[in-house]
Amino acid sequence: MVAKIEETSARLDEIIKQKDELHLAESNRRVSHVTERPPSTSLVNEAKVYGREEDKEAMLKLLNAETSDTQVSVISIVGMGGLGKTTLAQLVYNDPMLEFDLKAWVSVGEDFDVFRVTKTVLHQLGDGGDDNDLNLLQVKLKQKLSWKKFLVVLDDVWTQNYEQWTLFWGPFEAGAAQSRVIVTTRSQDVSLMMGATPAYSLKKLSHNECMSVFAQHALGANNFDDHLELKEIGEEIVKRCGGLPLAAKALGGILKGKPNPDLWKEVLSSEMWELPDNRNNILPALKLSYFHLPPQLKRCFSYCAILPKDREFDRNELVLLWMAEGFLYDKKKMKDSEGLGQNYFDDLLSRSFFQQSNDNKSKYIMHDLIVDLACFVSREVCLHMVGKLQNAKSYAKIRHSSFIPHFMNTFQRFQSFYEMKNLRTLLSWSRYVGRCYLTSKVTISSWL
């Protein structure tokens, strides 16, 4: 009995630790938000924005394009968290060449409250919006927008509730035909629901552009000319950012005012979730996307932690792996469904967890930081082994694992696997075409 109590206590301690890591708190609300992104504003310092000149020009062309449609156009900016969607919207919103009668900026966030968003738009258009009745607010908003050419930015939209959207959209239909609404979102499905045509898919920054962002926040300059001793380490840190300006900004912020090579090396070698919470908003921004996933997609995504970084993968192979793990069991049809897996894949793709490869359109990739996110949320049950495992760490709970084979895969490399009493997946990802030698003492359950 004492042993059972000790085991239960240890489990409760682990649950409390996880609760603190996820910032969970008691709430009387029906839905408790695990984490929230700070609200945005329309203000931007264009001098400190790098690599978005072409994107800004493309957006301005979309805004100024003549359309035969008499309806107000919705233009969406779509991309993964931290890519700079809000920054691009800010650049466009503040362009002095745009001519609109009315302009408004609304930071929407996770909770698409029709009353709150309508009231915010009305307030920014010069009306106090003191009414507490949605009907009165929308009547006033319609009067404000009638036959006017307006630009409204709805930043960080998550809702896919079509009824909410149509209720909110009613007053906007009274505007002039050349009016525009810009929506920033992480989901292609949100863009499609709003009838946004076209959607602008934002791409990551180049390495040099990301270097400028990092240097700006770490050193207060756009290059390393005055700190050549830090440039090589900075290059490696920026590679970890994978073209995400948010990551470059966050890592630069951690090192701001600390031109110490040892500290820079420490940040380079640290896992993303080991960095200081008070100055690191990379994982929180990405975790927001994960927490919005339904349970079945969370399970499929977290399993992707066994995928190697920078590795293209085939959608059908990944779906078959999900099926083999029993993730695609359809209770209604009482059978495993490959079609269900394809739907799951498309859903994760539309939410920017997966991206189509630039080199091979039939293949897909995961951004390095998205792989880090998968590793973070599944670190107790999924493991991708690159070198030799650390003996000091416990791997008893690991259920799914993979490794990149060496030319000679010795028995010593796999000794830690004896701890993995619950292991049900062991995959080998070949790095290149050629022969790899594996000790006969290790049995591989699946080979890719």
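The sections below set out a description of the structure shown in this document.

Cut-off values and rules
Residues numbered from 1 in each chain as written. Predicted model: local features only at pLDDT ≥ 70, side-chain atom pairs only at ≥ 80, totals over all residues. Heavy atoms only, no water. Helix = DSSP H or I, 4+ residues; strand = E, 2+ residues; numbered from the N terminus. Buried < 20%, exposed > 50% of the residue type's maximum accessible area, 1.4 Å probe, protein only. Contact = heavy atoms within 4.5 Å. Areas by Shrake-Rupley, 256 points an atom, 1.4 Å probe, with all protein chains shown as cover. Salt bridge = Lys/Arg side-chain N within 4 Å of Asp/Glu carboxyl O. Pairing = 2+ DSSP bridges. Axes fitted to C-alpha atoms, helices over the stretch in contact; angles between N-to-C directions.

**A closer look at the overall build of the chain**
- Each helix and strand counted, the chain has 16 helices and 15 strands in total.
- Counting the 448 residues in the chain, one finds 47% classified as buried.
- Of all intrachain contacts in the chain linking residues separated by at least 6 positions in sequence, the fraction that spans at least 24 positions is 70%.
- For the chain, the exposed surface amounts to about 23800 Å²; the carbon and sulfur share of it is 50%.

**Points about the pattern of salt bridges**
- Inspection of every chain in the model, using the stated rule, returns 9 salt bridges.
- Residues Glu46 and Lys56 are paired through a salt bridge, measuring 3.1 Å at the closest nitrogen-oxygen approach. Of this pair, Glu46 sits in the loop between helix H1 (2-21) and helix H2 (53-64) while Lys56 sits in helix H2, and the two are 10 residues apart along the sequence.
- For Glu46, a relative accessible area of 45% puts it in the partly exposed group.
- You can call Lys56 buried: its relative accessible area is 10%.

**Description of the sheet that holds strand S2 (residues 102-109)**
- Reading across the sheet, the 5 strands line up as S2-S3-S4-S1-S5 and stay open at both edges, with parallel pairing between neighbours. Bordering the open sheet on either side are S2 and strand S5 (199-201), each of which pairs with just one other strand. Within this sheet the neighbouring strands show an average axis-to-axis angle of 15°, counted without direction.
- Sheet topology places strand S1 (residues 73-78) next to S5; 3 bridges connect them, and they run parallel. Along S5, the bridge assignment pairs Ser76 with Ala199.
- Set on the sheet, helix H4 (residues 114-124) makes contact with S2 and strand S3 (150-157); between it and S2 the angle comes to about 150°.

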